[in-house]
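These are the residues of each chain, in order.
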Amino acid sequence: MSQKDLKEAFISNLNGTSLQEVALGSFLAPLCLINRGLILTIYYQAKKTLPLPLPLISHLILDFCLLILPLVLSCTVLSSVLHQVILGLTVVSAFVLWYIHHVSIQSAQRTVSTFLKSHVQFKQVPFVTIFRVFVNVKTAISILAVDFSVFPRRYAKAETYGTGVMDFGVGAYVFANALVCPEARGKNISGSKMNHIAKQLMSVWPLVVLGMGRLLSLKMSGYQEHVTEYGVHWNFFFTLAIVRVVASLLLAILPANKSWLVALLISGCYQFTLETSGLKAFIIHNNDREKDFLHANKEGIFSVLGYVAIYMAGVQIIRLSLDAHIMEFV
């Protein structure tokens, strides 16, 4: 086998991991964030001041060690002991919280009291920013690490059935994009709906350019390709662009607070079609990729339906969150 064939085989025919391991790994980022907050609390109680000295360097080192490094290690050299990593960070969080409470009870009580009385800035949800940051960080780590043996094969994308961490990641990426779309944030559409859709078509040109750039660079360099992931010409940048345009079209027709219904209808109808027709067999088993564009890129094209459903669910969730925050100010 050539070097290219060996590399393609290295990332192909994988079965993913268990949903339990994926769910367990999702607890890592919140634990890291909690530990960072607790350590800053200890520093504030000791020095009575924030930010840290030399804020640019000190905060960079602190954030890298507490937020980035655990994510890198958990999906590489420490992936086999993920349970112990989660348990260890939980123990550290509990110990630091106990220390803060018992060493300076009055200060801790004032801190908790201030926190309980605080309000999120109007129409700003910190969870969204934090979630999007961690999704992007985890995506960058996985994309860079997946071609190396230190990255567990079970974390890479599954071939047909199964769930890998990267399968969960692409869904989370689409979900994160939905949380900040104009319709989800309640922004009024200026002008006609057709003009709004036209603006959304124009707004996805960076994704189209990135998709074309990736396609051309892969074909010209002869770099290994996992064809059964998206197809011969398709890639995730094209998926993001199509999902954004389709979702904008749906949200221009239907109210955003009914996005959950659209998500259920799309996902339900798509799953029903897969199970009752020959579509599933066509996507999984048909290898006649030279017939036409649809056959060459069937995985990427049909996956758009599932991603649109995820996107619409994300719009509904952020609408509910914003409505809850608005009610706090009424």
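Predicted, not measured: the structure shown is a model, and the values here were computed from it. Each chain carries its own residue numbering, running from 1 in the written order of its sequence. Two thresholds apply to this predicted model, a pLDDT of at least 70 for residue-level local features and 80 or more for giving and counting side-chain atom pairs, whereas whole-chain, interface and lining totals are computed over all residues. Side-chain numbers come from the whole structure's heavy atoms, not from hydrogens or water.

Glancing now at the packing of aromatic side chains. To describe a pair of aromatic rings, you give the distance between the ring centres and the angle between the ring planes. Only Phe, Tyr and Trp rings take part, Trp by its six-membered ring, and two of them pair if their centres are within 6.5 Å. Stacked means planes under 30 degrees apart, edge-to-face means over 60, and tilted covers everything else. Scanning all chains against the criterion turns up 10 aromatic pairs. Between Trp234 and Phe238, the ring centres sit 5.9 Å apart and the planes meet at 70°, which makes this aromatic pair edge-to-face. Accessibility assignment for this pair places Trp234 and Phe238 in one class, buried. The interplanar angle of 65° and the centroid separation of 5.9 Å between the aromatic rings of Phe236 and Tyr307 together place this pair among those described as edge-to-face. Here Phe236 is found in helix H12 (residues 236-253), whereas its partner Tyr307 is found in helix H16 (residues 298-328), with 71 residues between them in sequence. We call a residue buried when its accessible area falls under 20% of the maximum for its residue type, exposed when it is over 50%, and partly exposed in between, using a 1.4 Å probe and counting protein chains only. Helix and strand definitions follow DSSP, with helices as H or I runs of at least four residues and strands as E runs of at least two, each counted in order from the N terminus.

What counts as a salt bridge is simple: a side-chain nitrogen of Lys or Arg found within 4 Å of a carboxyl oxygen of Asp or Glu. Counting across every chain of the model gives 7 salt bridges. Here the residues in one salt-bridge network are Arg289, Lys298 and Glu299, joined through shared partners.

For a helix, the expected span equals 1.5 Å multiplied by the number of residues minus one. Its 17 residues give helix H10 (residues 205-221) an end-to-end C-alpha distance of 24 Å, which sits within 8% of 24 Å, the value for a rise of 1.5 Å per residue. Restricting attention to buried positions, one finds in H10 the residues Gly211, Leu215 and Leu218. Seen along its axis, H10 keeps its buried residues to an arc of 70°; they face one direction. With respect to the buried face of H10, the exposed residues turned more than 90 degrees away are Trp205, Met220 and Ser221. Along its buried surface, H10 packs onto H12. Looking one or two residues beyond H10, the residue adopting positive phi is Gly222, at roughly 75°. Relevant arc is that of directions from the helix axis to the C-beta atoms, nothing else. Two residues form a contact once any of their heavy atoms are found within 4.5 Å.

Right, let's get into the nonpolar core. Generally speaking, nonpolar side chains in soluble globular proteins are found buried as a group. Throughout this description, the term nonpolar core refers to a set of buried Ala, Val, Leu, Ile, Met, Phe, Trp, Tyr and Cys residues connected via side-chain atoms within 4.5 Å. Counting 26 residues, the largest nonpolar core has Val174, Phe236, Val243, Tyr307, Tyr311, Met312 and Val315 as its most contacted members. When contributions to this core are tallied by element, the ones reaching two or more residues are helix H8 (165-178), H12, helix H13 (259-276) and H16. Ranked by the residues each element gives to this core, the list is headed by H16, at 7 residues. When neighbours within four sequence positions are excluded, Phe236 is seen to be in contact with Val170, Tyr173, Val174, Tyr230 and Tyr307. If you look at the next biggest cluster of nonpolar residues, it comprises 23 residues, including Leu31, Cys32, Phe134 and Ala145.

Axis definition: a line fitted to C-alpha atoms, limited for helices to the stretch in contact. Angles are taken between N-to-C directions and run from 0 to 180 degrees. One way to put it is that H10 packs onto H12 with a least axis distance of 8 Å and a crossing angle of 160°. Taken together, H10 and H12 sit at an angle that is classed as roughly antiparallel. At the point where H10 passes H12, the crossing takes the left-handed sense. Here Leu207, Val208, Leu210, Gly211, Met212 and Arg214 of H10 lie close against H12, whose contacting residues are Phe237, Phe238, Leu240 and Ala241. All residues other than Ala, Val, Leu, Ile, Met, Phe, Trp, Tyr, Cys, Pro, Asp, Glu, Lys and Arg, Gly among them, are scored as polar; the first ten of these are nonpolar and the last four charged. For the contact of H10 with H12, the class distribution of residues is 8 nonpolar, 1 polar and 1 charged. Roughly parallel refers to an angle under 35 degrees, roughly antiparallel to one over 145, roughly perpendicular to one between 65 and 115, and oblique to any angle outside these ranges. By convention the crossing between two helices is left-handed if the near helix lies anticlockwise of the far one by an angle smaller than a right angle, and right-handed if it lies clockwise.

Among the structural elements, Ile100 can be located in helix H5 (residues 82-103). Considered as a pair, Ile100 and Thr41 are 59 residues apart in the sequence and their alpha carbons are 7.9 Å apart.

We now examine the environment of Phe10. Here Phe10 lies in helix H1 (residues 3-10). Residue classification places Phe10 among the partly exposed residues on the basis of a relative accessible area of 30%. Sequence separation of Phe10 and His226 is 216 residues, and the distance between their C-alpha atoms is 9.8 Å. Setting aside chain neighbours within four positions, we find Phe10 in contact with Val146, Asp147, Phe148, Ser149 and Arg153.

Within the sequence span of helix H9 (residues 193-203), burial applies to His196, Ile197 and Gln200. Each buried residue of H9 sits inside an arc of 95° when the element is viewed along its axis, so together they form one side. The outward face of H9, more than 90 degrees from its buried face, is lined by the exposed residues Met194 and Met202. If you follow the buried residues of H9, they end up packed against H12.

A word on the confidence of the model for the protein chain. The predictor rates its confidence in each residue with pLDDT, a number between 0 and 100. Averaged over every residue, the pLDDT of the protein chain is 84; residues scoring 70 or more account for 86%. The spread of mean pLDDT over the elements of the protein chain runs between helix H6 (residues 105-117), the lowest at 57, and H13, the highest at 94. Taken together, the stretch residues 326-330 has pLDDT below 50 and engages in 6 contacts with residues farther than four places along the chain or on a different chain.

Turning our attention to the packing of H8 against H12. The geometry of H8 relative to H12 is characterised by a closest axis approach of 11 Å and an angle of 35° between their N-to-C directions. Crossing of H8 against H12: the hand is right-handed. Across the interface between the two elements, Val170, Tyr173, Val174 and Asn177 from H8 touch Phe236, Leu240 and Val243 from H12.

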